[in-house]
Amino acid sequence: MTSNTRVVVIGAGLAGVRLARRLGELGTPALLVGEEEHRPYNRVLLAEVLAGRYAPEVIALPVSGGLRRARVTGIDRAARRLRCADGSQIGYGTLVLATGSNPVLPPLRGLFTGDHQLPEGVHAFRTMDDCLGLSKAVRPGARAVVVGGGLLGVSAARALAVRGAQVVLAQQAERLMERQLDPNASRLVLRHLTDLGVEVHTECRVRDVRCAGGAVRSVEMADGYALDADLVVLACGVHPRTGLAEQAGLAVRKGVLVDDELRTSDPHIRAIGDCAEHDGTVYGLATPALEQAEALAALLAGDAGTRYSGTRSLTRLTLTGPDAPLDLAAFGETEARPGDDVVQLADATRGTYRKVVVRDDRLVGGVLVGELGTVGALARAWEGAEPLPGDGPLLHLLTNDGGS
């Protein structure tokens, strides 16, 4: 395949690898360009590597076709060529940006050294290198402060606690995972972390990282309270990695703008995954990235009728502990509006909680903690967006057996 016709994918994460694999299966092989030295891996499972549950090779992704290790530094749209840091160039017929996202590094005093490097002991938690660096640094009894109580922060705190660290989690919002969970579900996650020995502070803003000899020693809260720290993990969210697209003059808002064919403002360049913004939404989640990859593979293999119309994504998380794991799932709107119908089932003894929100006879959201046997049926009812039958099936969907 010549450079004038071949598909080149920048980014060897979940979206890029899935796209390359599907294209290979459809007879349209692609060249995958990735800059990390590690084999492509499932980023969703990094917390399991940190916890010691999986070895790095267990979360490796199978790659079909060509994989080239290179850091792309620029896109020559007129010549349809990529410039790489080693001086080489790569020609393309169709270019796909699957560049992912970067961790948000909060504006804390003392966070960066003079050479713009994080101090020793301060880690982002986004890449395999981040994970392996943390794994090497953590030890039983180490004092670890996790900044951020979203999905990533909760996962990191749990993993460090499992490794024997003394963990403090500082969350600026009033509760954990406030974007995905309602207050009752957040309390169950809090209880699970507390049972693991994690000390959780909500409505707590970190303002300063204090170092000595180039290594972190403590973090200071907005109220002046200081926490001793051997490790600090920054889990403050991510932002789309759009630098290459911006330099090339592509249309970018929060992410690289794409249409229903995942085409950017340049007809020869597509974008998928965390870096892409479709219909005003940057998803930043695995399921939309994989769905975009599947849709784009069909389009590039010749199925001109395929369109990507958005993803109604479900968040799932399993927190392992010394006794039993805590499974949770959330989808859609977990907080009710005035006039909505809400059905809740809670069992304090078993630590389970289920809630669904119904609006105009349609399931618009739900959250489940504990037993997730009903999540598949609920998610299908939500994704279908069809009116619920009027003969009371919701309780059956919620209990999976008509009334547990």
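This text goes with the structure placed above it.
This report concerns the structure included in the present document. These numbers come from a predicted model, not from an experiment. (Residues numbered from 1 in each chain as written. Predicted model: local features only at pLDDT ≥ 70, side-chain atom pairs only at ≥ 80, totals over all residues. Heavy atoms only, no water.)

### Some details on the overall build of the protein chain
Scanning the protein chain from terminus to terminus reveals nine helices and 25 strands. Taking 22 Å as the expected radius of gyration for a compact globule of 404 residues, we find that the protein chain reaches 23 Å, a close match to that expectation. Principal axes of the C-alpha set define a box for the protein chain whose edges measure 65 × 65 × 35 Å. In the protein chain, the share of contacts with a sequence separation of at least 24, taken over all contacts with a separation of at least 6, comes to 58%. Per element, the accessible surface of the protein chain, about 18500 Å² overall, is 46% carbon and sulfur. (Helix = DSSP H or I, 4+ residues; strand = E, 2+ residues; numbered from the N terminus. Rg over C-alpha atoms; globule rule 2.2 N^0.38 Å. Contact = heavy atoms within 4.5 Å. Areas by Shrake-Rupley, 256 points an atom, 1.4 Å probe, with all protein chains shown as cover.)

### Examining the environment of leucine 61
Tracing the backbone through its elements, the reader meets leucine 61 in the loop between α2 (46–50) and β3 (66–69). Taking the C-alpha atoms as reference points, leucine 61 and arginine 43, separated by 18 residues in sequence, lie 9.9 Å from one another.

### Section: the side chain of aspartate 130
Within the element layout of this structure, aspartate 130 appears in helix α3 (residues 128–137). No salt bridge is formed by the buried aspartate 130; the nearest opposite charge belongs to arginine 43, separated by 6.9 Å. (Buried < 20%, exposed > 50% of the residue type's maximum accessible area, 1.4 Å probe, protein only. Lys, Arg positive; Asp, Glu negative; His and termini not counted. Salt bridge = Lys/Arg side-chain N within 4 Å of Asp/Glu carboxyl O.)

### A look at the pairing of strand β11 (residues 166–170)
Every other side chain in a regular strand lies on the same face of the sheet, so the side chains alternate between the two faces. Counting buried residues along β11, four of its five residues qualify, which places the element largely inside the surrounding structure. Two elements, strand β10 (residues 143–147) and β11, share five bridges in a ladder whose sense is parallel. Counted as the bridge partner of valine 146 is leucine 169 from β11. You can see the chain leave β10, run along helix α4 (residues 151–162) and come back into β11, and the turn it takes is right-handed. For β11 and strand β12 (residues 199–201), the ladder comprises three bridges, and the chain directions are parallel. Its bridge partner being in β12, valine 168 is matched across the sheet by glutamate 199. (Pairing = 2+ DSSP bridges. Right-handed = clockwise from strand over helix to strand, strands pointing away.)

### Concerning the sheet that holds strand β16 (residues 231–234)
Spatial strand order, β9-β16-β10-β11-β12: five strands in an open sheet with parallel pairing. Every interior strand has two partners, whereas the edge strands, β9 (122–124) and β12, have only one. Strand-to-strand twist of the sheet, defined as the mean angle between neighbouring strand axes without regard to direction, takes the value 20 degrees. Alignment of β9 against β16, held across three bridges, turns out to be parallel. Each residue of the ladder has a partner; that of valine 122, found in β16, is valine 232. Across the sheet, α3 touches β9 and β16, and the angle it forms with β9 is around 145 degrees. In the packing of α4 onto the sheet, contacts are made with β10, β11 and β16, and the angle to β11 comes to roughly 170 degrees. (Axes fitted to C-alpha atoms, helices over the stretch in contact; angles between N-to-C directions.)

### What to know about the environment of valine 358
Relative to the assigned elements, valine 358 resides in strand β24 (residues 352–359). For the pair valine 358 and tyrosine 41, spaced 317 residues apart in sequence, the C-alpha separation works out to 38 Å.

### A closer look at the environment of threonine 242
Tracing the chain through its elements places threonine 242 in the loop between β17 (238–240) and α6 (243–247). Residue classification places threonine 242 among the buried positions, given a relative accessible area of 8%. Through-space distance from the C-alpha of threonine 242 to that of histidine 201 is 33 Å; in sequence the pair is 41 residues apart. Each residue touching threonine 242, except ones within four places of it in the same chain, is listed here: Val252, Lys254, Gly255, Val256 and Cys275.

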